[in-house]
Amino acid sequence: MMMILWQMRLGLSLTKVSFKCLQQVFCPQFQAYSSCRSVLQITSTHRTPACCWSMFHTSSLQVSYRNTEFEDEPLKKVGRARLVPPNWTKYNTVVYKPTPIGEPERPAEICHFRMNIKYSTKKMWYIAQMIRGFSIDEAIKQLAFHKRKGAAHVKEVLEEAQEMAVRDHNVEFKSNLWISDSFCTRGIIVKGLRRHARARYGIIQYRYTNFFVRLREGKPPKHYYPPEMTGNELMERYIQKQRERRLLYGL
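Remember, it's a predicted structure, so these values are computed and weren't measured experimentally. (Residues numbered from 1 in each chain as written. Predicted model: local features only at pLDDT ≥ 70, side-chain atom pairs only at ≥ 80, totals over all residues. Heavy atoms only, no water.)

1. Side note on the overall build of the protein chain
Consideration 1: Of regular secondary structure, the protein chain possesses 10 helices and 5 strands.
Consideration 2: Here the protein chain, with 251 residues, has 27% of them falling under the buried criterion.
Consideration 3: Sequence-distant contacts in the protein chain: of pairs separated by 6 or more residues, those separated by 24 or more amount to 66%.
Consideration 4: Accessible area for the protein chain stands at about 19,800 Å²; split by element, carbon and sulfur atoms hold 55% of it. (Helix = DSSP H or I, 4+ residues; strand = E, 2+ residues; numbered from the N terminus. Buried < 20%, exposed > 50% of the residue type's maximum accessible area, 1.4 Å probe, protein only. Contact = heavy atoms within 4.5 Å. Areas by Shrake-Rupley, 256 points an atom, 1.4 Å probe, with all protein chains shown as cover.)

Okay, here's the thing in structure tokens:
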């Protein structure tokens with residue numbers, strides 16, 4: 001008898017004989033089951049859907065209930081792969097002190113990223129260092145005609161950061177931005193197999209890269225990198241270093 005009850009709880013099929021035994025022994029208790037026999041379609045060849053048994057053990061309100069307490073939060077890691085950088089986005093939450101009267105206002109800074117791009121880190125480096133010091137409009141224009149495939153990903157990240165600057169960081173003009181920092185790091189490496197002859201195999205490495213960018217409000221500087229020194233400037237710097245020499249423990 002207990003075996004038949006466990007079969008009903010697990011949703012297993014019951015034969016007509018077992019139903020007759022249940023009706024004879026516990027007729028009032030299993031009257032509901034026998035009346036719902038046509039609904040459940042319990043035969044010797046079909047299994048009962050799990051959703052049908054929920055009407056006997058749970059209320060109608062609890063059937064559609066799901067615990068969504070943590071589902072609204074974005075995932076930060078999937079296995080060993082990071083989906084969100086640990087510290088880069090914290091720069092967007094920094095609150096500085098008000099600038100004193102008479103001093104220039106601190107320009108707004110917007111940090112954005114894209115993790116695990118299916119692209120080589122070494123190829124992405126050429127694109128990241130090319131746009132440093134460009135205005136946002138000039139960088140997007142140059143990336144639109146760049147020959148490397150990774151330029152499309154970088155262009156999308158810049159457009160997202162530009163939109164985020166106006167929406168979240170109170171930047172008045174979206175064109176009044178320039179690329180302050182732009183770099184890439186190595187992402188996850190997924191290893192796969194390639195079949196070789198004579199039952200051998202080789203290892204394939206699917207490489208991913210992470211791209212980071214920082215936009216700053218204002219006009220771009222004239223020289224992002226310090227310009228090369230002329231011959232006269234190099235000579236003056238050398239003479240100045242020679243004059244600054246001191247003999248230790250001398251008279």
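2. Concerning helix α9 (residues 150-168)
Consideration 1: Helix length check: α9, at 19 residues, gives a terminal C-alpha distance of 27 Å against a target of 27 Å (1.5 Å per residue), a fit within 8%.
Consideration 2: Three or more residues of α9 are buried, namely G150, A151, V154, V157, L158, A161, Q162, M164 and A165. What you see down the axis of α9 is that its buried residues fit within an arc of 165°, all on one side. Opposite the buried face of α9, by more than 90 degrees, sit the exposed residues E163 and R167. (Expected span 1.5 Å × (residues − 1). Arc of directions from axis to C-beta.)

3. Examining the pattern of salt bridges
A side chain of one charge can pair with a side chain of the opposite charge when the charged atoms of the two come close.
Consideration 1: The full count for this structure, using the stated rule, is 8 salt bridges.
Consideration 2: The partner of D168 in a salt bridge is R167, and the shortest N-O contact between them spans 3.3 Å.
Consideration 3: Salt bridges here are not isolated pairs; linked through shared partners, they connect E109, D181, R214 and R216. (Salt bridge = Lys/Arg side-chain N within 4 Å of Asp/Glu carboxyl O.)

Everything listed here is a matter of coordinates, which is why it stays silent on function.
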